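Remarks on the overall topology
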Amino acid sequence: MFRSHCKFTVSLVIYKNDIGEIEPVIKGVLDSPCTRFYIVDNGSDPRIAADIAALNSPRITYIPLENRGFGAGHNAAIRQSIADGVPFHMIVNPDISFLPGTLEKIVTFLAETPDAGLVMPKTLNTDGSLQYNCKLVPTPADLIFKRFLPDFMKRKRMRYFMMQEYAHDTVLEVPYLCGCFMAFRNSILEKTGLFDERFFLYPEDIDLTRRIWHSGFRALYFPGAEVIHAHAQASYKSAKMLWCHISNMIRYFNKWGWFYDPLRKELNRRILAANAEKKEKREK
């Protein structure tokens, strides 16, 4: 049951989106009891501004910004959520949709799990199949293999990297949760910091997930709520986005370490061991 103390805000970052593209996620958010819905327009497009104003919702705050990236856009909303004393905040992608009651389930689970700083729901493809968005903190080889090797050469490694051997119908501890949908406890973000704005796009979710873990809190996959993610995989279709992906991953590895990253190794090992122990207990 959703309780009044589980107040939450939501942010959506858009860039050159048509209103039709984001109608499903807008409807889903406004059908929930969110306190405030921040729509951050990194394109500062007067056309989309007029379309959003026409929705005539007092809970929507439209924020036009210069495009400084995905994380910077969401940070503008998160800072306001924290300033307003709201305990929880969710970020959603423009290509996310979900059924009524979904956000309430997620924030209730987060509220009832006091050591959780970050929660992500089960994510499905548009055909209903599972999208594997629970991952280990990557090595450079993981990303190179995933992007450039044929399936038969990388299948075993990718199964391990994407935690596919674990049952995705149970709560999992996860070293790296995908940024397409994240639910945060704001008090923990105040301690860990928000998205690192040096990353324009792509690795900001890896960076923030591991910072939450390194601060002593947990990042959890919660299958009790489901969302649909029409994953565009822009870097597979555009040379410009591929370069954006590569350049930002270089920044990420420059920050944390390329081949020598003891925190990565320890975090992956510890979380896999914890999940394996829970799996063993369930099977007894």
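Quick note: structure is the one above.
Note that this is a predicted model, so its numbers are computed, not measured. (Residues numbered from 1 in each chain as written. Predicted model: local features only at pLDDT ≥ 70, side-chain atom pairs only at ≥ 80, totals over all residues. Heavy atoms only, no water.)

Some thoughts on the overall build of the protein chain
Of the regular secondary structure elements, the protein chain holds 10 helices and 11 strands. When burial is assessed residue by residue, the protein chain has 50% of its 284 residues classed as buried. Here the protein chain displays about 13,400 Å² of accessible surface, and carbon together with sulfur accounts for 57% of that area. Averaging the locations of the 38 positively and 31 negatively charged side chains of the protein chain gives two centres separated by 5 Å. (Helix = DSSP H or I, 4+ residues; strand = E, 2+ residues; numbered from the N terminus. Buried < 20%, exposed > 50% of the residue type's maximum accessible area, 1.4 Å probe, protein only. Areas by Shrake-Rupley, 256 points an atom, 1.4 Å probe, with all protein chains shown as cover. Lys, Arg positive; Asp, Glu negative; His and termini not counted. Charge placed at Lys NZ, Arg CZ, Asp CG, Glu CD.)

Observations concerning the packing of helix H5 (residues 140-148) against helix H6 (residues 151-161)
Taken N-terminus to C-terminus, the directions of H5 and H6 make an angle of 125°; their axes are 10 Å apart at the nearest point. Judged on the interaxial angle alone, H6 and H5 are oblique. Taken as a pair, H5 and H6 cross one another with a handedness that is left-handed. Side by side, H5 and H6 meet where Asp-142, Leu-143, Phe-145 and Lys-146 of the first sit next to Lys-154, Arg-157, Met-158 and Phe-161 of the second. Residue composition of the contact of H5 with H6, grouped by class: 4 nonpolar, no polar and 4 charged. (Axes fitted to C-alpha atoms, helices over the stretch in contact; angles between N-to-C directions. Parallel < 35°, antiparallel > 145°, perpendicular 65-115°, else oblique. Left-handed = near helix turned anticlockwise from the far one by under 90°. Contact = heavy atoms within 4.5 Å. Nonpolar A, V, L, I, M, F, W, Y, C, P; charged D, E, K, R; others polar.)

Focus on the pattern of salt bridges
On inspection of all chains with the given rule, the structure shows 20 salt bridges. Of the charged contacts in the structure, one is a salt bridge between Asp-196 and Arg-198, with a shortest N-O distance of 2.7 Å. The salt bridge involving Lys-255 is made with Asp-196; its shortest N-O contact spans 2.9 Å. Remark: Asp-196 occurs in the loop between helix H7 (186-192) and helix H8 (204-214) and Lys-255 occurs in helix H9 (residues 239-256); sequence separation between them is 59 residues. Owing to a relative accessible area of 31%, Lys-255 belongs among the partly exposed residues under this scheme. You can call Asp-196 buried: its relative accessible area is 11%. (Salt bridge = Lys/Arg side-chain N within 4 Å of Asp/Glu carboxyl O.)

Topic: the pairing of strand S1 (residues 8-14)
Burial analysis of S1 places 7 of its 7 residues in the buried class, the great majority of the element. Residues Phe-8, Val-10, Leu-12 and Ile-14 point to one face of S1 and Thr-9, Ser-11 and Val-13 to the other, with burial holding for every one of them. Pairing of S1 with strand S4 (residues 88-92) involves 5 bridges; the strand directions are parallel. Note on S4: the bridge partner recorded for Phe-8 is Phe-88. When S1 meets strand S2 (residues 36-41), the two strands line up parallel, connected through 6 bridges. Following the sheet pairing, Thr-9 is matched in S2 by Arg-36. (Pairing = 2+ DSSP bridges.)

Some words on the side chain of Asp-142
Inspection of the secondary structure puts Asp-142 in helix H5. Apart from the residues lying within four places of it in its own chain, the contact partners of Asp-142 are Val-137, Arg-157, Met-158 and Phe-161.

So, the environment of Ile-48
Within the secondary structure, Ile-48 is located in helix H2 (residues 46-53). Residue Ile-48 is classed as buried on the basis of its relative accessible area, which comes to 1%. Separated by 192 residues in sequence, Ile-48 and Lys-240 place their C-alpha atoms 24 Å apart. Non-local contacts of Ile-48, meaning those with residues more than four positions away in its chain, are made with Ile-14, Asn-17, Asp-18, Ile-19, Ile-22, Asp-41 and Tyr-62.

Remarks on the side chain of His-168
In this structure, His-168 sits in the loop between H6 and strand S8 (172-173). From its side chain, His-168 meets the backbone oxygen of Tyr-166 in a polar contact 2.8 Å long. Those residues in contact with His-168, other than ones at most four positions away along the chain, are Lys-122, Leu-130, Tyr-132, Cys-134, Met-162, Met-163, Tyr-221 and Pro-223. (Polar contact = N/O pair within 3.5 Å; in protein donor to acceptor, adjacent residues only side chain to side chain.)

Notes on the packing of aromatic side chains
If you walk through the whole model with that rule in mind, you get 6 aromatic pairs. Aromatic pair Tyr-252 and Phe-253: ring centres 5.1 Å apart, planes at 75°, arrangement edge-to-face. Pair check on accessibility: Tyr-252 and Phe-253 agree, each one buried. Seen in terms of ring centroids, Phe-253 and Trp-258 are 5.1 Å apart; in terms of plane orientation they differ by 40°. Their pairing is tilted. You can call Phe-253 buried: its relative accessible area is 3%. One aromatic cluster is present, formed by Phe-199, Tyr-252, Phe-253 and Trp-258 through successive ring pairs. Cation over ring: Arg-210 sits above Trp-256, and NZ or CZ is 3.7 Å from the ring centre. Here the basic side chain of Lys-279 rests over the ring of Tyr-166, its NZ or CZ set 5.9 Å away from the ring centre. (Phe/Tyr/Trp six-rings, centres within 6.5 Å; stacked < 30°, edge-to-face > 60°. Lys NZ or Arg CZ within 6 Å of the ring centre and 35° of its normal.)

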